[in-house]
Amino acid sequence: MMNNKWWKDKVVYQIYPRSFMDSNGDGTGDIQGIISKLDYLEHLGVEVLWLSPVYGSPNDDNGYDISDYYDIMPEFGTMKDMDELIEEAKKRNIGIVMDLVANHTSDEHAWFKDAVEKGEASPYYDYYIWRDGGPNGELPNDITSVFSGPAWTYNEKLGKYYLHQFSKKQPDLNWENESMRHDIYDMINWWLEKGIAGFRLDVIDLIGKIPDEKILANGPMLHPYIKEMSIASFQKHDAFTVGETWGATPESAMLYSNPDDSELSMVFQFEHITTGRENKSKWDTYDWEFKDFRNILVKWQEELADKGWNSLFLGNHDLPRSVSYFGDDSTEENRVLSAKMLATMMHGMQGTPYVYQGEEIGMVNVQFDTMDDYKDIEIHNMYKEATEGGKPHDEIMQGIYKNGRDNARTPMQWDDSTYAGFSDAEPWIKVNESKEHINVESDLNNPNSIFKHYKKLIQLRKDNPILVDGVFKNVEQENDNLFIYQRILNDKTWQVMVNASNSEQQIPVENQVDGKVILSNYHDVQKDMLRPYEAVIVEIE
Ligand code: TEU
Ligand code: CA
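Every value quoted in this text rests on a predicted model; they were computed, and no experiment measured them.

Undergrad: How would you explain the site of ligand 1 if you had to name every residue and give the values?
TA: Close to ligand 1 lie 18 residues, the nearest being D61, D202, D318, E378 and R405. The separation between an oxygen atom of ligand 1 and a polar side-chain atom of D318 is 2.5 Å. A distance of 2.8 Å separates an oxygen atom of ligand 1 from a polar atom in the side chain of R405. Relative to its unbound accessible area of 490 Å², ligand 1 is 95% covered by the protein chains.

Below you can see the structure in the form of structure tokens.
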């Protein structure tokens, strides 16, 4: 069983600061805006806030291109604001988790600028990955960027290429350089000594890269580096840490989230997120099956039990809105029912649940009219490359509507005013017109809102050890629309029953139970069937 960590019964709320709350009327979210919403977050019941990056950055990738780890970008405020946020959150028993982007920096970071200015004479030259091209201008190799195009860009001054797995303005750091690693560990400790509660580690599974062998994720030195980092920093502060590891498997996740604290607290794995894609890209047409999604979740629950710890999430700032992608936003009734169903399904399992800003009110995807309305570099780079490749505009747009990251980055919808209560000025990205009927104000005033359902789920986890420590036991199903599982602790058993379809489903006789209804998204419970998107937790007598 996981040793008793302070974060074990907590729910994490992810904030994308640029889109959360604008306090000074410049159309961009900021830290004072977050401070102004701490009472709301305390009311929801979350106790850890993961902030997407707020450090110095030219915002080529909205803060995931860091130019100064020791400062706050001016659009978001000052270090004084950050200190106030940490302090005000702590008053509410809320811990602040920062986003550690250590696979790459911005090309405007002092290290990179010094490397370009002085070349091999710079102590920072080897903090990055420089290679010669071929005699006829060939690239060092054919590694491509996640944001389209080659992962190598030529620097005229040095006459060398540098590696960037993301944008040209995000040069990869060379983790083989010990001095660079220790500069990162010093920075981590500096932030932990300021009183933050931990870190989310951006694409941490890439730091063991061996570019000359085209090894990017899961390199041989990956876990040694993470162990070194953990000893040098996290373990000294009992920090909460969650790694973003797109390539994780249950085997590697056991290393990352080993209860002996040797690496991290947990990781984000993405197998349930990408189910149905197989060898297609997120931009291609594909579909997914609930039974596959369910079986993946069951596998991760069973394989990490007692050997590691799961993160439980369906959304973040890179993913489409969970109720649109995994639920059903085709009608108001289905949106509300399916959002509550998804929340019950995820929060009922063993691990740490994550709520992405707006997920608690069932915010939905957006379809902007023009490409100018889109702001994400990943979308624009893909659009350019796909168009040049001859893909029709409408086909490209379908991929953006389905999986574009801006779906999750439209301003948080606080009320139905012009800019959704996010700002008094026109926001940096358009508001989703759904703010007319999907917003915090209406959910707070509605006893049957999605918000209220999340609040109950979060409170259940605080009040009932069975949700934290209860053994997960899958209840095999023939019916591909059903997901039934139990949580068992001592003599108590809770059964979670979920109908992921828009039609009523018979509960197999052998799975029908009598007991106390702990939580449901309907007003009553029928013993032998689940109605469309019904989700219910029953304490078995
Ligand atoms: O994301 C890693 C990543 O690869 C995702 O961007 C993913 O490939 C795609 O965008 C979603 O399907 C992390 C951050 O979460 C992301 O916001 C950054 O853009 C990226 O790293 C680079 O720092
Ligand atoms: Ca602002």
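Text resumes after the structure shown.
Undergrad: How would you summarise the coordination of the calcium ion (ligand 2) if you had to cite specific residues and measurements?
TA: Bound to the calcium ion (ligand 2) on the protein side are D22 (OD), N24 (OD1), D26 (OD), T28 (O) and D30 (OD), at distances that span 2.2 to 2.3 Å. The sequence pattern formed by the donor residues of the calcium ion (ligand 2) is D-x1-N-x1-D-x1-T-x1-D.

Undergrad: Summarise the side chain of D65; cite the residues concerned and give the values.
TA: Here D65 is to be found in the loop between β3 (55–56) and β4 (68–72). Buried D65, no salt bridge; nearest opposite-charge side chain is K169, N-O distance 6.1 Å. A distance of 3.3 Å separates the side chain of D65 from the backbone nitrogen of N59, its partner in a polar contact. Not counting the four nearest positions on each side in its chain, D65 is found in contact with G56, S57, P58, N59, D60, S106, K169 and Q170.

Undergrad: I'd like a rundown of the sheet that holds strand β7 (residues 152–155), residues and numbers included.
TA: Judged by pairing direction, the sheet is antiparallel, and its 3 strands sit side by side in the order β6-β8-β7 without closing on themselves. The strands lining the two open edges of the sheet, one partner per strand, are β6 (130–131) and β7. Pairing geometry for β7 and strand β8 (residues 160–163), over 4 bridges, is antiparallel. Bridge assignment links T153 to a residue of β8, and that residue is Y162.

Undergrad: Now, about the pattern of salt bridges: what can you tell me, with residues and values included?
TA: What the rule picks out here adds up to 38 salt bridges. Put simply, D107 and K169 hold a salt bridge, and the shortest N to O gap is 2.8 Å. In this pair, D107 is assigned in the loop between β5 (95–100) and α4 (110–118) and K169 in the loop between β8 and α5 (178–193), connecting sequence segments 62 residues apart. Residue D107 is classed as buried on the basis of its relative accessible area, which comes to 19%. By relative accessible area, K169 is classed as partly exposed at 23%. Salt-bridge contacts for K118 lead to D114; the nearest nitrogen and oxygen are separated by 2.7 Å. Taken together, the residues K118 and D114, both in helix α4 and 4 residues apart, mark about one turn of the helix. The class for K118 is partly exposed, based on a relative accessible area of 45%. Judged by its relative accessible area of 13%, D114 falls in the buried class. What emerges from the salt-bridge pattern is a single network uniting D61, K282, D318, D376, E378, R405 and R409.

Conventions adopted
Residues numbered from 1 in each chain as written. Chains lettered and ligands numbered in written order. Predicted model: local features only at pLDDT ≥ 70, side-chain atom pairs only at ≥ 80, totals over all residues. Heavy atoms only, no water. Near = heavy atom within 4 Å. Polar contact = N/O pair within 3.5 Å; in protein donor to acceptor, adjacent residues only side chain to side chain. Areas by Shrake-Rupley, 256 points an atom, 1.4 Å probe, with all protein chains shown as cover. Donors = N, O, S within 2.8 Å, 3.2 Å for Na, K, Ca; no water. Helix = DSSP H or I, 4+ residues; strand = E, 2+ residues; numbered from the N terminus. Buried < 20%, exposed > 50% of the residue type's maximum accessible area, 1.4 Å probe, protein only. Lys, Arg positive; Asp, Glu negative; His and termini not counted. Salt bridge = Lys/Arg side-chain N within 4 Å of Asp/Glu carboxyl O. Contact = heavy atoms within 4.5 Å. Pairing = 2+ DSSP bridges.

Read these as layout, nothing more, since geometry by itself doesn't imply function.
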